[in-house]
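The primary structure of each chain is shown beneath.
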Amino acid sequence: MPRALLDDTAAPDGTAAISGPAAPGDPAALAAALAATLAARDADRADQERRLAGHTFDALVAAGFARHFVPRRWGGAEGGFADLVRRAAALAEDGCPSAAWCAALLAAHGRFAAFLPARGQQELWGATPDVRIAAAISPPAGTAEPLPAGGWRLTGQWRYASGVDFADWVLLAAWEPSGSGPQARVLALPAGDFAVRQTWDADGLRGTGSNSVLADSAVVPPHRSFPLADLLAGQPGAAARCHAAPAQLAGGLLFAAPALGAARRALRLWSRWAGAAPHREAGAVHLALARSSAEADAARLLLAEAARRADTDPVTEHLVARNRRDAVATVDLLVTAVGRLVRTGGPDTGPEAGELQRLWRDVRTVASHGALRPEPAAGAYAAAVLGPQAG
């Protein structure tokens, strides 16, 4: 069953557990449990085929990830960041990190789409809030040529659109020519107006199917676009905190959540191996367990506190920079923790060896994401604490 991020019950490996069992009869919890079960069962297949199974993706939608940030006026949940971080981490631990990554981004892309004009939102969500939205917005690519009658003609190729094989819509950031220089816009295209190119060949998170999107002179009406700057800045007057927040307040936290679940699953598998028989180098095994479990717990606490702040604290430059810093620190801790387990166990970690290696690849791939690069986060934090002269 999915686990709760803040439950301090000790797990068998000595870390704090993520959850207890789902409440009997709770449809959302039961749907999440089914999604985790399917994701775990199909994890190896997803890794080999470089995309999730269709029924696994369906289960993520049924578990409410697609509607998590959708405005309530369209039947969405207008949910919080802490809840999504908790659920994504649990899905990675009990299911698979690729499914958790797609789940977190399904939710995040619903938040992005909430910046569309009201008519555009109605076109997406008028029938249901459970719309599958993929996105490729960073960096902007392609061109959005303004049309005389309004709207844009969109052409280009965009990389790394996770889960795009199952998408009903895709959000793409493109450059619009203007007298003051190119401006980036986000444009929404329905399935049928874009093509998918199978280009995803990363070392980890293989099951995310983060393929490329192609648009060839697709016509986008005015109500299906908004300036990328709006998303980056947030909507300060929005009723829901998730829509008021600037993009970088919680973006890195959502990427870090699957890595937390992956690391905790790796620790569980490794602990099973370590406890199965005496080891010639027992001291090294004990030290690896103590240090890696402590790092996983430290990462959990950092991530949970940053997600709480994203939901509740006044939004300031310092808060955004602090959350960016803590997202990077979280994945740094997790890379160190899982790497130590792999080095200590070597190739002899029993039947779990293959999955342990996959989880290690997944954690490293999360850490390589542009939103989790240490240097920009450190620069932003230094500027917030020391002032602009810090640069």
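Presented here is a report on the structure given in the accompanying data block. Every value quoted in this text rests on a predicted model; they were computed, and no experiment measured them. (Residues numbered from 1 in each chain as written. Predicted model: local features only at pLDDT ≥ 70, side-chain atom pairs only at ≥ 80, totals over all residues. Heavy atoms only, no water.)

### Thoughts on the overall build of the protein chain
Where we set the bar: Labels follow the DSSP assignment, with helices taken as runs of H or I lasting at least four residues and strands as runs of E lasting at least two, numbered in each case from the N terminus. Each radius of gyration reported is based on C-alpha atoms, and the globular scaling rule is 2.2 Å times the count of residues to the power 0.38. Relative accessible area decides the class of each residue, using a 1.4 Å probe on protein chains only: under 20% of the type maximum gives buried, over 50% gives exposed, and in between gives partly exposed. Here, two residues are considered to be in contact whenever any of their heavy atoms come within 4.5 Å of each other. Using a 1.4 Å probe, accessible areas were evaluated by the Shrake-Rupley method; residue-level cover was limited to the displayed protein chains. We treat Lys and Arg as the positive residues and Asp and Glu as the negative residues; His and chain ends play no part in the count. One atom stands in for each charge, and that atom is NZ of Lys, CZ of Arg, CG of Asp or CD of Glu.
Each helix and strand counted, the protein chain has 13 helices and eight strands in total. Whereas a compact globule of 391 residues would reach a radius of gyration of roughly 21 Å, the protein chain reaches 21 Å, a difference of no more than 12%. For the protein chain, the spread of C-alpha atoms along the principal axes amounts to about 75 × 50 × 40 Å. Across the 391 residues of the protein chain, 56% fall into the buried class. Taking as baseline every contact in the protein chain between residues at least 6 positions apart, the subset at least 24 positions apart corresponds to 72%. Here the protein chain has roughly 16000 Å² of accessible surface; of this, 55% comes from carbon and sulfur atoms. Considering the protein chain, the positive charge centre built from 38 side chains and the negative charge centre built from 38 side chains are found 1 Å apart.

### Concerning the pairing of strand β5 (residues 183–190)
As a reminder, the rule being used: Any two strands are treated as partners once DSSP identifies two or more bridges connecting them.
Along β5, seven of the eight residues are buried, which leaves the element largely enclosed by surrounding structure. Hairpin remark: strand β4 (residues 169–176) followed by β5, antiparallel, with six residues in the connecting loop; positive phi at Gly181, about 110 degrees. Sheet analysis places β5 next to strand β8 (residues 225–227), joined by three bridges and oriented antiparallel. Across the sheet, Leu187 pairs through a bridge with Ser225, a residue of β8.

### Thoughts on the packing of helix α4 (residues 81–94) against helix α10 (residues 282–312)
The test is simple: Structural elements are reduced to axes, namely lines fitted to C-alpha atoms, with helices fitted over the stretch in contact, and the angle between N-to-C directions of any two is expressed from 0 to 180 degrees. With respect to orientation, any angle under 35 degrees is reported as roughly parallel, any angle over 145 as roughly antiparallel, any angle of 65 to 115 as roughly perpendicular, and every other angle as oblique.
Running from N to C, α4 and α10 cross one another at 150 degrees; their axes reach a closest spacing of 7 Å. When the interaxial angle is binned, α4 and α10 end up roughly antiparallel. Along its contact with α4, which presents Phe81, Ala82 and Val85, the element α10 presents Leu303, Ala307, Arg308, Ala310 and Asp311.

### Here we look at the nonpolar core
Here is the rule: Residues enter a nonpolar core if they are buried and are Ala, Val, Leu, Ile, Met, Phe, Trp, Tyr or Cys, with the set joined through side-chain atoms within 4.5 Å.
Counting residues in each nonpolar core, the largest one holds 82 residues, and the members touching the most others are Leu52, Leu60, Phe65, Leu91, Leu253 and Trp270. For this core, the element with the highest residue contribution is helix α9 (residues 247–274), accounting for 17 residues. Core analysis: the next-biggest nonpolar cluster, separate from the first, contains 23 residues, Phe112, Ala113, Trp169 and Ala188 among them.

### A closer look at the pattern of salt bridges
Here is the rule we go by: Think of a salt bridge as a Lys or Arg side-chain nitrogen and an Asp or Glu carboxyl oxygen that are within 4 Å of each other.
Per the stated rule, a full pass over the model turns up 26 salt bridges. Taking the shortest distance from any N to any O, the salt bridge between Glu93 and Arg268 comes out at 3.1 Å. Separated by 175 residues along the polypeptide, Glu93 in helix α4 and Arg268 in helix α9 bring together distant segments of the chain. The class for Glu93 is buried, based on a relative accessible area of 3%.

### Notes on the side chain of Glu355
Keep this limit in mind: The definition of a polar contact used here is a pair of N or O atoms within 3.5 Å, where within protein one atom must be able to donate a hydrogen and the other to accept one, and adjacent residues in sequence count solely through side-chain atom pairs.
Along the chain, the position of Glu355 falls in helix α12 (residues 353–367). A polar contact of 2.5 Å, which involves the side chain of Glu355, links it to the side chain of Arg265. Contact partners of Glu355, with chain neighbours within four places excluded, come to Arg265 and Leu269.

### Here we look at the packing of aromatic side chains
Here a ring pair, both rings aromatic, is described through the centre-centre distance and the interplanar angle of the planes. Spelled out, the test is: Any Phe, Tyr or Trp ring, taking Trp's six-membered ring, that has another such ring centre within 6.5 Å forms a pair; planes under 30 degrees apart are called stacked, those over 60 apart edge-to-face, and the others tilted. Working rule: Lys NZ or Arg CZ, within 6 Å of ring centre, within 35 degrees of ring normal, means a charge sits over the ring.
On inspection of all chains with the given rule, the structure shows six aromatic pairs. With a centroid separation of 5.3 Å and 55 degrees between ring planes, the pair formed by Phe69 and Phe81 is classed as tilted. Residue Phe69 is found in the loop between α3 (54–62) and α4, and its partner Phe81 is found in helix α4; the two are separated by twelve residues along the sequence. Considered together, Phe69 and Phe81 belong to a single accessibility category, that of buried residues. Residue placement shows Arg87 over the ring face of Phe65; its charged tip is 4.2 Å from the ring centre.

### Observations regarding the environment of Gly207
Mapping Gly207 onto the fold places it in the loop between β6 (195–197) and β7 (211–220). Ignoring sequence-local partners within four residues, the contact set of Gly207 consists of Ala46, Asp47, Arg50, Arg51, Leu52 and Ser98.

### Re the pairing of strand β1 (residues 133–136)
Within a regular strand, the side chains alternate between the two sheet faces. Burial of β1 is two-sided: the residues Ile133 and Ala135 facing one way and the residues Ala134 and Ala136 facing the other way are all buried. Two strands pair when backbone bridges link them, and β1 and β4 are joined in this way by four bridges, in the parallel orientation. Each residue of the ladder has a partner; that of Ala135, found in β4, is Leu171.

### Thoughts on the state of the cysteines
Stated precisely, the cut-off is as follows: Any two cysteine sulfur atoms lying within 2.5 Å of each other are counted as a disulfide.
All told, the structure shown has zero disulfides when counted by the stated rule. Left unpaired, Cys96 is separated from the closest cysteine sulfur, that of Cys102, by 8.2 Å. Judged by its relative accessible area of 3%, Cys96 falls in the buried class.

Honestly, that's just the spatial picture; any functional story needs more than this.
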